[in-house]
Amino acid sequence: MARNEEKAQSMLNRFISLKAEEKKKPKERRPYLASECRDLAEADKWRQQIMREIGRKVAEIQNEGLGEHRLRDLNDEINKLIREKSHWERRIVELGGPNYTKHSAKMTDLEGNIVDVPNPSGRGPGYRYFGAAKKLPGVRELFEKPPELPKRRTRYDIYKRINASYYGYRDDEDGVLERVEGPAEAQIRKEAVEEWRRMEEIRKEAKKAVKSGEVVSVGVMKEVLFEGEEDVVEEERREMEKEKKEKEREFVVHVPLPDEKEIEKMVLEKKKMELLKKYATEELLEEQKEAKTMLNIQR
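Residues numbered from 1 in each chain as written. Predicted model: local features only at pLDDT ≥ 70, side-chain atom pairs only at ≥ 80, totals over all residues. Heavy atoms only, no water.

## So, a nonpolar patch on the surface
The condition is simple: Like charges within 9 Å and nonpolar side chains (Val, Leu, Ile, Met, Phe, Trp, Tyr) within 5 Å are joined into patches, using only residues over 30% in relative accessible area that form no salt bridge. Residue-level accessible areas treat just the shown protein chains as cover; the underlying method is Shrake-Rupley with a 1.4 Å probe. Counted as salt bridges are all cases of a side-chain nitrogen of Lys or Arg within 4 Å of a carboxyl oxygen of Asp or Glu. The helix and strand labels rest on DSSP assignments: H or I over at least four residues marks a helix, E over at least two residues marks a strand, and numbering proceeds from the N terminus. For each residue, the accessible area found with a 1.4 Å probe, counting protein chains only, is set against the maximum for its type, and the residue is called buried under 20%, exposed over 50%, and partly exposed in between.
On the surface, L12, F15 and I16 cluster together to form a nonpolar patch covering roughly 290 Å² of accessible area. Here L12 is to be found in helix α1 (residues 2-23). Using a relative accessible area of 41% as the deciding quantity, one classes L12 as partly exposed.

Structure follows, in structure tokens:
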């Protein structure tokens, strides 16, 4: 009894479902070209349908166990649907609807960073990779960041590193320079003291020789005069020059000197030439010079 009821119930369910399908409109197919659609609501409906298909395929492509070929096919299908969606979005804008492209999602890399992949044709987004397709061989390298090149230092960075050590002001803080320069400094000091003592002995001998009237040797005099510190020799030289000047005879001029009239005449001629140079032109001076030459005037 229960079995017959189940059969009837099953037949009734089939009958009801058939009647419901008869009442439904025939399933419409999405137009191949978005430009064929003339209704804004229809265009928005087809866009929503494409969005649902993209969502299903993106969820499916997350499975890494599908295999390389299936993942590549799914990624191609998703990119095809995205291009179709962009066509419908442009058509919606043409029909006066909202612009959905302003809030479109960006592609991200394996770390979740947004990656902008432009289309070489310049129309719409470029080819994108989703889910497990990003880890395929040959694709992973596209998302790897190129190694950063060493940044070239600017003049400001170079000057920023310059401090007192650069100019050598801290060379003696470690004590190395003091240990190296110590023996050399002692040797130079010793040589300087010996040179000073030798020069003192030369000065003493020179003083004794001058006081006693003896002739000092040429080598000793050269050393004393080279130093420029021997006062006795300097005084002797000054006395000799003074005696030489006193013995000089008066200089007698054998050339006749001009008298006062000739001097006044020369001054007057000089003033005339200055006035001519100041007020006369070069052409006038040349003509005057030629006239004097022709008349044989020598003044």
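## Looking at the pattern of salt bridges
Applying the stated criterion across every chain, the model contains 13 salt bridges. Where E53 meets R30, a salt bridge forms, and the shortest distance between an N and an O atom there is 3.3 Å. Taken as a pair, E53 in helix α2 (residues 40-61) and R30 in the loop between α1 and α2 lie far apart in primary sequence, 23 residues in all. Judged by relative accessible area, which is 18%, E53 ranks as buried. Under the relative-accessibility criterion, R30 is labelled partly exposed at 22%. For the salt bridge of E68 with R72, the shortest nitrogen-to-oxygen distance reads 3.2 Å. Of this pair, E68 and R72 both sit in helix α3 (residues 68-94), separated by 4 residues, roughly a single helical turn. On the basis of relative accessible area, R72 is assigned to the partly exposed category, the value being 30%. When salt bridges with common partners are traced through the structure, they connect R30, E53 and E84 into a single cluster.

## With respect to the packing of α2 against α3
Applied cut-off: Axis geometry follows a simple rule: fit a line to the C-alpha atoms, using only the stretch in contact for helices, then measure angles between N-to-C directions, giving values from 0 to 180 degrees. To sort the angles, those under 35 degrees are grouped as roughly parallel, those over 145 as roughly antiparallel, those from 65 to 115 as roughly perpendicular, and the leftovers as oblique. Less than a right angle of anticlockwise turn of the near helix away from the far helix marks a crossing as left-handed, whereas a clockwise turn marks it as right-handed. For this scheme, ten residues count as nonpolar: Ala, Val, Leu, Ile, Met, Phe, Trp, Tyr, Cys and Pro. Four count as charged, namely Asp, Glu, Lys and Arg, and the remainder, Gly too, count as polar.
Running from N to C, α2 and α3 cross one another at 160 degrees; their axes reach a closest spacing of 9 Å. As far as their axial angle goes, α3 and α2 are roughly antiparallel. The hand of the α2/α3 crossing is left-handed. When the residues that make up the contact of α2 with α3 are grouped by side-chain class, the tally is 15 nonpolar, 1 polar and 10 charged.

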